[in-house]
Amino acid sequence: MAAVKNAYETVIVISTKLGDEGIAAMVQKFKELIEANATLDAVDEWGKRRLAYLINKESEGYYVLFNFTSTSEFPAELDRIYKITDGVLRSLIVKKED
């Protein structure tokens, strides 16, 4: 029996303190991680945006949206990696409704 795959959306806010190269490397890192464990459907870089409130004394963040399809186990692992990665200010993973 094939594993059930679901569509997910994840948004991460990356610290602008990493600089342009650091941000690009971080986006690439997560792109490769998602591609290794799921089907990456789209990457939408929203770029630098002002945060609604300070996070770690930062007022700006670099927003990236990933759309992917995977088994239900992967998002939990992805969330764990977000939480231990320096430079990720906030992250959100949402299962899309069919």
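Structure report, in brief. These numbers were taken from a predicted model, which means no experiment stands behind them.

**Re the packing of aromatic side chains**
Reasoning step 1: Enumeration according to the criterion identifies 4 aromatic pairs in this entry.
Reasoning step 2: Pairing Phe30 with Tyr82 gives two aromatic rings, centres 4.8 Å apart and planes at 65°, and the pair type is edge-to-face. Taken together, the residues span a long stretch of sequence, with Phe30 in helix H1 (residues 19-37) and Tyr82 in helix H2 (residues 74-84) at a distance of 52 residues.
Reasoning step 3: Among the residues examined, Phe30 registers a relative accessible area of 0% and is labelled buried.
Reasoning step 4: Assessed through its relative accessible area of 1%, Tyr82 is described here as buried.
Reasoning step 5: Ring geometry for Phe68 versus Phe74: centroids 5.7 Å apart, planes at 80°, classification edge-to-face. Assigned by exposure class, Phe68 and Phe74 land together as buried.
Reasoning step 6: In textbook terms, an aromatic cluster arises when at least three aromatic residues are bridged by ring pairs, as seen for Tyr8, Phe68 and Phe74.

**A few points about the pattern of salt bridges**
Reasoning step 1: Counted according to the given criterion, the structure contains 3 salt bridges.
Reasoning step 2: The residue Lys17 makes a salt bridge to Glu58 at a minimum N-O spacing of 4.0 Å. Here the residue Lys17 occupies a position in the loop between strand E1 (6-15) and H1, and Glu58 occupies one in strand E3 (residues 58-70), the gap between them amounting to 41 residues.
Reasoning step 3: Residue class for Glu58 comes out buried when judged on its relative accessible area of 8%.
Reasoning step 4: In this structure, Lys83 and Asp79 form a salt bridge, with 2.8 Å as the shortest nitrogen-oxygen distance. Taken together, the residues Lys83 and Asp79, both in helix H2 and 4 residues apart, mark about one turn of the helix.

**Looking at unusual backbone geometry**
Reasoning step 1: Phi at Asn56 is positive, roughly 50°, even though this residue is not glycine.
Reasoning step 2: The class for Asn56 is exposed, based on a relative accessible area of 58%.
Reasoning step 3: Phi at Lys57 is positive, roughly 65°, even though this residue is not glycine.
Reasoning step 4: On the basis of relative accessibility, which here comes to 78%, the residue Lys57 falls in the exposed class.

**Some words on the sheet that holds strand E2 (residues 39-55)**
Reasoning step 1: As summarised here, the arrangement of the 4 strands in space is E2-E3-E1-E4, forming an open sheet in which the pairing is antiparallel. The open sheet is flanked by E2 and strand E4 (88-95), the only strands paired with a single partner. Taking the axes of each pair of neighbouring strands and ignoring which way they run, one obtains an average angle of 20° across the sheet.
Reasoning step 2: Note that E1 and E4 share 7 bridges and pair antiparallel. Bridge assignment links Ile12 to a residue of E4, and that residue is Ser91.
Reasoning step 3: Where H1 meets the sheet, it contacts E1, E2, E3 and E4, and its direction lies at approximately 20° from that of E3.
Reasoning step 4: In this fold H2 packs onto E1, E3 and E4, with an angle of close to 170° to the strand it touches most, E4.

Cut-offs applied
- Per-chain numbering applies: the sequence of each chain, read as written, is numbered from 1 onward.
- Only residues with pLDDT of at least 70 are given local features in this predicted model, and only at 80 or more are side-chain atom pairs given and counted; all residues enter the totals for whole chains, interfaces and linings.
- The side-chain values count all of the structure's non-hydrogen atoms but skip hydrogen atoms and water molecules.
- Working definition: a ring pair exists when centres of Phe, Tyr or Trp rings (six-membered ring for Trp) sit within 6.5 Å. Plane angles under 30 degrees give stacked, over 60 give edge-to-face, the rest tilted.
- In this text, helices come from DSSP runs of H or I with a minimum length of four residues, and strands from runs of E with a minimum of two, each type numbered from the N-terminal end.
- For each residue, the accessible area found with a 1.4 Å probe, counting protein chains only, is set against the maximum for its type, and the residue is called buried under 20%, exposed over 50%, and partly exposed in between.
- By salt bridge we mean one thing: a side-chain nitrogen of Lys or Arg within 4 Å of a carboxyl oxygen of Asp or Glu.
- Pairing between two strands requires that DSSP report at least two bridges joining them.
- In this analysis, axes come from line fits to C-alpha atoms, helices being fitted only over the stretch in contact, and the angle between any two N-to-C directions falls in the range 0 to 180 degrees.
- The criterion used for residue contact is that any of the two residues' heavy atoms lie within 4.5 Å.

Nothing here speaks to function; it is all geometry.
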